[in-house]
Amino acid sequence: WRGWEGAPYSTLVPSDEVTINYRHGLPVITLMLPTRSERCQFTVKPVVTTVGAFLQDVQREDKGIERAEVFATDGSKVSDATLMEILLMNDFKLVINNTAYSVSPPVKDKLSSEHATEMEDIKSLVHRLFVALHLEDHQIRKERELLQKLDHLKGELLPLEQMKARIMDSADAKTSRLLWVGLALMSTQGGALAWLTWWVYSWDIMEPVTYFITYGSAMAFYAYFVLTKQDYIYPHAKDRQFLHYFYRKSKKQHFNVERYNKLKDELAEAEESLRRLRQPLHLRLPIQEINDKD
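Reading guide: rules and limits
- Residues numbered from 1 in each chain as written.
- Predicted model: local features only at pLDDT ≥ 70, side-chain atom pairs only at ≥ 80, totals over all residues.
- Heavy atoms only, no water.
- Core = buried A, V, L, I, M, F, W, Y, C linked by side-chain atoms within 4.5 Å.
- Buried < 20%, exposed > 50% of the residue type's maximum accessible area, 1.4 Å probe, protein only.
- Helix = DSSP H or I, 4+ residues; strand = E, 2+ residues; numbered from the N terminus.
- Contact = heavy atoms within 4.5 Å.
- Salt bridge = Lys/Arg side-chain N within 4 Å of Asp/Glu carboxyl O.

## As for the nonpolar core
- The biggest cluster of nonpolar side chains holds 25 residues, and the ones touching the most others in it are Leu31, Phe54, Val70, Phe92 and Leu94.
- Counting residues per element, the ones that place at least two in this core are β3 (26-33), β4 (38-43), α1 (51-61), β5 (68-72), α2 (84-87), β6 (92-96) and β7 (99-103).
- The dominant element in this core, judged by the number of residues it contributes, is α1, at four residues.
- In this view, phenylalanine 92 contacts Ile20, Val70, Phe71, Thr73, Leu87, Tyr101, Ser102, Val103 and Pro105; residues no more than four positions away in its chain are not counted.

Shown next, in the form of C-alpha coordinates:
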(Lines give C-alpha, C1' and ligand atoms only; values in the text may rest on other atoms or scores of the structure.)
Protein backbone atom coordinates (compact mmCIF):
# COMPACT_ATOMS: atom_id res chain seq x y z
CA TRP A 1 0.00 0.00 0.00
CA ARG A 2 1.06 3.66 -0.46
CA GLY A 3 1.31 6.03 2.51
CA TRP A 4 0.92 9.74 2.84
CA GLU A 5 2.52 12.14 0.32
CA GLY A 6 2.94 9.18 -2.04
CA ALA A 7 5.65 7.53 0.04
CA PRO A 8 5.47 3.69 -0.15
CA TYR A 9 5.41 1.78 3.15
CA SER A 10 5.90 -1.94 3.23
CA THR A 11 4.30 -2.54 6.61
CA LEU A 12 1.46 -1.19 8.70
CA VAL A 13 2.19 -2.28 12.25
CA PRO A 14 -0.64 -2.68 14.78
CA SER A 15 -0.94 -0.14 17.56
CA ASP A 16 0.43 -2.50 20.24
CA GLU A 17 3.94 -2.15 18.75
CA VAL A 18 4.00 1.44 20.00
CA THR A 19 2.58 1.98 23.46
CA ILE A 20 2.10 5.11 25.51
CA ASN A 21 1.81 5.02 29.28
CA TYR A 22 1.86 7.75 31.87
CA ARG A 23 4.45 7.53 34.61
CA HIS A 24 4.66 10.20 37.31
CA GLY A 25 2.41 12.38 35.19
CA LEU A 26 4.70 12.21 32.11
CA PRO A 27 3.96 10.17 28.95
CA VAL A 28 6.39 7.30 28.24
CA ILE A 29 6.45 6.18 24.60
CA THR A 30 7.73 2.63 24.06
CA LEU A 31 8.60 1.46 20.54
CA MET A 32 10.75 -1.11 18.74
CA LEU A 33 13.96 0.24 17.23
CA PRO A 34 14.18 -1.20 13.69
CA THR A 35 17.91 -1.86 13.33
CA ARG A 36 18.67 -2.67 16.97
CA SER A 37 15.60 -4.92 17.31
CA GLU A 38 14.97 -3.88 20.87
CA ARG A 39 12.26 -1.93 22.61
CA CYS A 40 13.16 1.50 23.84
CA GLN A 41 11.29 3.92 26.10
CA PHE A 42 11.20 7.68 25.58
CA THR A 43 9.95 9.95 28.36
CA VAL A 44 8.75 13.26 26.97
CA LYS A 45 7.77 16.52 28.57
CA PRO A 46 4.59 17.33 26.65
CA VAL A 47 4.48 20.99 27.59
CA VAL A 48 7.94 21.81 26.20
CA THR A 49 8.87 18.91 23.88
CA THR A 50 7.96 19.25 20.20
CA VAL A 51 7.31 16.52 17.66
CA GLY A 52 10.57 17.38 15.92
CA ALA A 53 12.56 17.03 19.15
CA PHE A 54 10.97 13.64 19.87
CA LEU A 55 11.79 12.35 16.38
CA GLN A 56 15.39 13.56 16.75
CA ASP A 57 15.68 11.65 20.01
CA VAL A 58 14.45 8.51 18.25
CA GLN A 59 16.95 8.93 15.41
CA ARG A 60 19.81 9.58 17.82
CA GLU A 61 18.95 6.37 19.67
CA ASP A 62 19.01 4.29 16.46
CA LYS A 63 21.48 5.52 13.82
CA GLY A 64 19.88 3.22 11.27
CA ILE A 65 16.72 5.30 11.12
CA GLU A 66 16.83 7.38 7.95
CA ARG A 67 13.31 8.72 8.07
CA ALA A 68 10.98 9.53 10.97
CA GLU A 69 7.70 11.39 10.51
CA VAL A 70 4.32 11.77 12.18
CA PHE A 71 0.99 11.93 10.34
CA ALA A 72 -2.53 12.55 11.53
CA THR A 73 -5.26 10.00 10.93
CA ASP A 74 -6.53 11.97 7.92
CA GLY A 75 -3.15 11.66 6.20
CA SER A 76 -1.85 15.18 6.82
CA LYS A 77 1.68 15.52 8.10
CA VAL A 78 2.15 16.87 11.63
CA SER A 79 4.53 19.83 11.85
CA ASP A 80 7.79 19.35 13.74
CA ALA A 81 6.95 22.47 15.76
CA THR A 82 3.78 20.89 17.21
CA LEU A 83 3.94 20.23 20.92
CA MET A 84 3.70 16.63 22.06
CA GLU A 85 0.89 17.67 24.37
CA ILE A 86 -1.21 18.49 21.29
CA LEU A 87 -0.15 15.34 19.45
CA LEU A 88 -1.08 13.02 22.31
CA MET A 89 -4.65 14.27 22.36
CA ASN A 90 -5.61 12.21 19.28
CA ASP A 91 -4.57 9.06 17.40
CA PHE A 92 -1.70 9.43 14.92
CA LYS A 93 0.66 7.48 12.65
CA LEU A 94 4.37 7.20 13.45
CA VAL A 95 6.40 6.40 10.32
CA ILE A 96 9.95 5.07 10.80
CA ASN A 97 11.78 4.21 7.57
CA ASN A 98 9.23 2.08 5.63
CA THR A 99 7.13 1.07 8.62
CA ALA A 100 4.01 2.91 9.76
CA TYR A 101 2.93 2.49 13.37
CA SER A 102 -0.66 3.16 14.31
CA VAL A 103 -0.63 4.87 17.72
CA SER A 104 -3.61 5.37 20.01
CA PRO A 105 -2.66 7.45 23.06
CA PRO A 106 -4.54 6.52 26.23
CA VAL A 107 -7.09 8.95 27.59
CA LYS A 108 -5.42 10.71 30.47
CA ASP A 109 -7.52 10.90 33.59
CA LYS A 110 -8.55 14.36 34.49
CA LEU A 111 -6.90 15.72 37.58
CA SER A 112 -9.00 16.24 40.61
CA SER A 113 -9.55 19.82 41.70
CA GLU A 114 -7.17 19.37 44.67
CA HIS A 115 -4.50 17.78 42.50
CA ALA A 116 -4.91 20.50 39.89
CA THR A 117 -4.53 23.16 42.56
CA GLU A 118 -1.37 21.45 43.84
CA MET A 119 0.04 21.34 40.31
CA GLU A 120 -0.67 25.04 39.82
CA ASP A 121 1.02 25.81 43.13
CA ILE A 122 4.07 23.78 42.08
CA LYS A 123 4.22 25.59 38.73
CA SER A 124 3.96 28.94 40.50
CA LEU A 125 6.72 27.94 42.93
CA VAL A 126 8.99 26.81 40.09
CA HIS A 127 8.37 30.09 38.28
CA ARG A 128 9.24 32.11 41.38
CA LEU A 129 12.41 30.09 41.92
CA PHE A 130 13.43 30.63 38.31
CA VAL A 131 12.86 34.37 38.62
CA ALA A 132 14.79 34.51 41.90
CA LEU A 133 17.75 32.63 40.44
CA HIS A 134 17.94 34.63 37.21
CA LEU A 135 16.74 38.06 38.35
CA GLU A 136 20.15 39.24 39.55
CA ASP A 137 21.86 38.39 36.24
CA HIS A 138 19.08 40.17 34.39
CA GLN A 139 19.44 43.25 36.59
CA ILE A 140 23.21 43.40 36.14
CA ARG A 141 22.85 43.05 32.37
CA LYS A 142 20.13 45.70 32.32
CA GLU A 143 22.27 48.03 34.44
CA ARG A 144 25.15 47.75 31.98
CA GLU A 145 22.81 48.54 29.10
CA LEU A 146 21.49 51.61 30.91
CA LEU A 147 25.01 52.80 31.76
CA GLN A 148 26.02 52.48 28.10
CA LYS A 149 22.88 54.39 27.08
CA LEU A 150 23.66 57.12 29.61
CA ASP A 151 27.20 57.50 28.30
CA HIS A 152 25.90 57.73 24.74
CA LEU A 153 23.25 60.33 25.63
CA LYS A 154 25.71 62.43 27.64
CA GLY A 155 28.14 62.34 24.73
CA GLU A 156 25.44 63.67 22.38
CA LEU A 157 24.26 66.28 24.88
CA LEU A 158 27.69 67.71 25.71
CA PRO A 159 28.10 69.91 22.59
CA LEU A 160 24.42 70.89 22.76
CA GLU A 161 24.78 71.89 26.41
CA GLN A 162 27.77 74.07 25.58
CA MET A 163 25.92 75.75 22.71
CA LYS A 164 22.83 76.22 24.88
CA ALA A 165 24.91 77.86 27.62
CA ARG A 166 26.33 80.39 25.15
CA ILE A 167 22.88 81.15 23.73
CA MET A 168 21.39 81.55 27.22
CA ASP A 169 24.17 83.96 28.26
CA SER A 170 23.53 86.04 25.15
CA ALA A 171 19.75 86.04 25.63
CA ASP A 172 20.09 86.91 29.32
CA ALA A 173 22.42 89.81 28.52
CA LYS A 174 20.00 91.21 25.91
CA THR A 175 17.06 90.85 28.31
CA SER A 176 18.95 92.65 31.06
CA ARG A 177 19.89 95.47 28.67
CA LEU A 178 16.25 95.80 27.64
CA LEU A 179 15.18 96.09 31.29
CA TRP A 180 17.77 98.78 31.94
CA VAL A 181 16.70 100.64 28.80
CA GLY A 182 13.09 100.55 30.03
CA LEU A 183 14.15 101.94 33.39
CA ALA A 184 16.15 104.69 31.67
CA LEU A 185 13.18 105.65 29.46
CA MET A 186 10.82 105.78 32.45
CA SER A 187 13.33 107.93 34.38
CA THR A 188 13.72 110.24 31.39
CA GLN A 189 9.96 110.53 31.01
CA GLY A 190 9.53 111.36 34.71
CA GLY A 191 12.30 113.96 34.59
CA ALA A 192 10.88 115.56 31.43
CA LEU A 193 7.40 115.81 32.93
CA ALA A 194 8.80 117.37 36.12
CA TRP A 195 10.86 119.89 34.10
CA LEU A 196 7.86 120.85 31.96
CA THR A 197 5.62 121.15 35.02
CA TRP A 198 7.81 123.36 37.25
CA TRP A 199 10.07 125.27 34.86
CA VAL A 200 8.31 125.54 31.52
CA TYR A 201 4.56 125.22 32.00
CA SER A 202 2.23 125.02 34.95
CA TRP A 203 0.39 122.01 36.37
CA ASP A 204 -2.82 123.20 34.75
CA ILE A 205 -1.27 122.65 31.34
CA MET A 206 0.63 119.43 32.15
CA GLU A 207 -2.23 117.68 33.93
CA PRO A 208 -4.03 116.66 30.69
CA VAL A 209 -0.67 115.55 29.22
CA THR A 210 0.03 113.22 32.14
CA TYR A 211 -3.56 111.89 31.91
CA PHE A 212 -3.17 110.89 28.29
CA ILE A 213 0.27 109.39 28.98
CA THR A 214 -1.31 107.26 31.72
CA TYR A 215 -4.21 106.32 29.45
CA GLY A 216 -1.80 105.40 26.65
CA SER A 217 0.17 103.18 29.04
CA ALA A 218 -3.07 101.40 30.04
CA MET A 219 -3.85 100.83 26.36
CA ALA A 220 -0.37 99.40 25.82
CA PHE A 221 -0.81 96.94 28.73
CA TYR A 222 -4.22 95.90 27.40
CA ALA A 223 -2.74 95.33 23.93
CA TYR A 224 -0.09 93.11 25.56
CA PHE A 225 -2.87 91.05 27.14
CA VAL A 226 -4.74 90.77 23.82
CA LEU A 227 -1.61 89.54 22.01
CA THR A 228 -0.18 87.23 24.67
CA LYS A 229 -3.31 86.24 26.68
CA GLN A 230 -1.30 87.07 29.83
CA ASP A 231 -1.31 89.92 32.31
CA TYR A 232 1.62 92.30 32.15
CA ILE A 233 3.54 90.99 35.16
CA TYR A 234 7.18 91.99 35.18
CA PRO A 235 8.74 88.54 35.87
CA HIS A 236 6.53 86.92 33.23
CA ALA A 237 7.28 89.64 30.72
CA LYS A 238 11.00 89.24 31.40
CA ASP A 239 10.81 85.45 30.86
CA ARG A 240 8.83 85.93 27.66
CA GLN A 241 11.39 88.35 26.28
CA PHE A 242 14.21 86.01 27.31
CA LEU A 243 12.60 83.12 25.37
CA HIS A 244 12.15 85.39 22.37
CA TYR A 245 15.85 86.22 22.30
CA PHE A 246 16.78 82.57 23.02
CA TYR A 247 14.80 81.05 20.13
CA ARG A 248 15.90 83.76 17.73
CA LYS A 249 19.56 83.17 18.64
CA SER A 250 19.04 79.36 18.45
CA LYS A 251 17.70 79.66 14.93
CA LYS A 252 20.70 81.73 13.85
CA GLN A 253 23.20 79.24 15.34
CA HIS A 254 21.23 76.16 14.14
CA PHE A 255 20.60 74.90 17.67
CA ASN A 256 17.96 72.11 17.47
CA VAL A 257 15.80 72.75 20.54
CA GLU A 258 13.47 69.80 19.85
CA ARG A 259 16.35 67.33 19.61
CA TYR A 260 17.89 68.77 22.78
CA ASN A 261 14.63 68.38 24.71
CA LYS A 262 14.19 64.82 23.39
CA LEU A 263 17.70 63.85 24.50
CA LYS A 264 17.11 65.40 27.93
CA ASP A 265 13.88 63.42 28.32
CA GLU A 266 15.62 60.19 27.33
CA LEU A 267 18.47 60.94 29.75
CA ALA A 268 16.04 61.59 32.61
CA GLU A 269 14.12 58.41 31.80
CA ALA A 270 17.32 56.33 31.70
CA GLU A 271 18.53 57.81 35.01
CA GLU A 272 15.17 57.08 36.64
CA SER A 273 15.22 53.51 35.32
CA LEU A 274 18.76 53.04 36.64
CA ARG A 275 17.75 54.44 40.03
CA ARG A 276 14.79 52.05 40.30
CA LEU A 277 16.96 49.15 39.13
CA ARG A 278 19.72 49.81 41.64
CA GLN A 279 17.41 49.84 44.64
CA PRO A 280 17.06 46.01 44.74
CA LEU A 281 20.42 45.54 43.00
CA HIS A 282 22.43 47.10 45.83
CA LEU A 283 20.78 44.71 48.24
CA ARG A 284 22.14 41.67 46.37
CA LEU A 285 25.54 42.61 44.94
CA PRO A 286 28.74 42.25 46.96
CA ILE A 287 30.08 45.51 48.38
CA GLN A 288 33.25 45.38 46.27
CA GLU A 289 31.28 44.98 43.04
CA ILE A 290 28.98 47.87 43.96
CA ASN A 291 31.96 50.13 44.68
CA ASP A 292 33.58 49.18 41.37
CA LYS A 293 30.40 50.10 39.49
CA ASP A 294 30.02 53.41 41.31
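## Some points on unusual backbone geometry
- A positive phi is found at lysine 229, a non-glycine position, where the angle reads about 60 degrees.
- Its place among the elements puts lysine 229 in the loop between α4 (203-228) and α5 (234-252).
- Classification of lysine 229 as exposed rests on a relative accessible area of 64%.

## Some remarks on the pattern of salt bridges
- Per the counting criterion, the structure on display carries six salt bridges.
- Glutamate 69 serves as the salt-bridge partner of arginine 67, at 2.5 Å between the closest nitrogen and oxygen.
- Lysine 77 is the partner of glutamate 69 in a salt bridge, and the nearest nitrogen-oxygen pair spans 3.2 Å.
- Residue class for glutamate 69 comes out buried when judged on its relative accessible area of 11%.
- Note on lysine 77: relative accessible area 42%, which makes it partly exposed.
- When salt bridges with common partners are traced through the structure, they connect Arg67, Glu69 and Lys77 into a single cluster.

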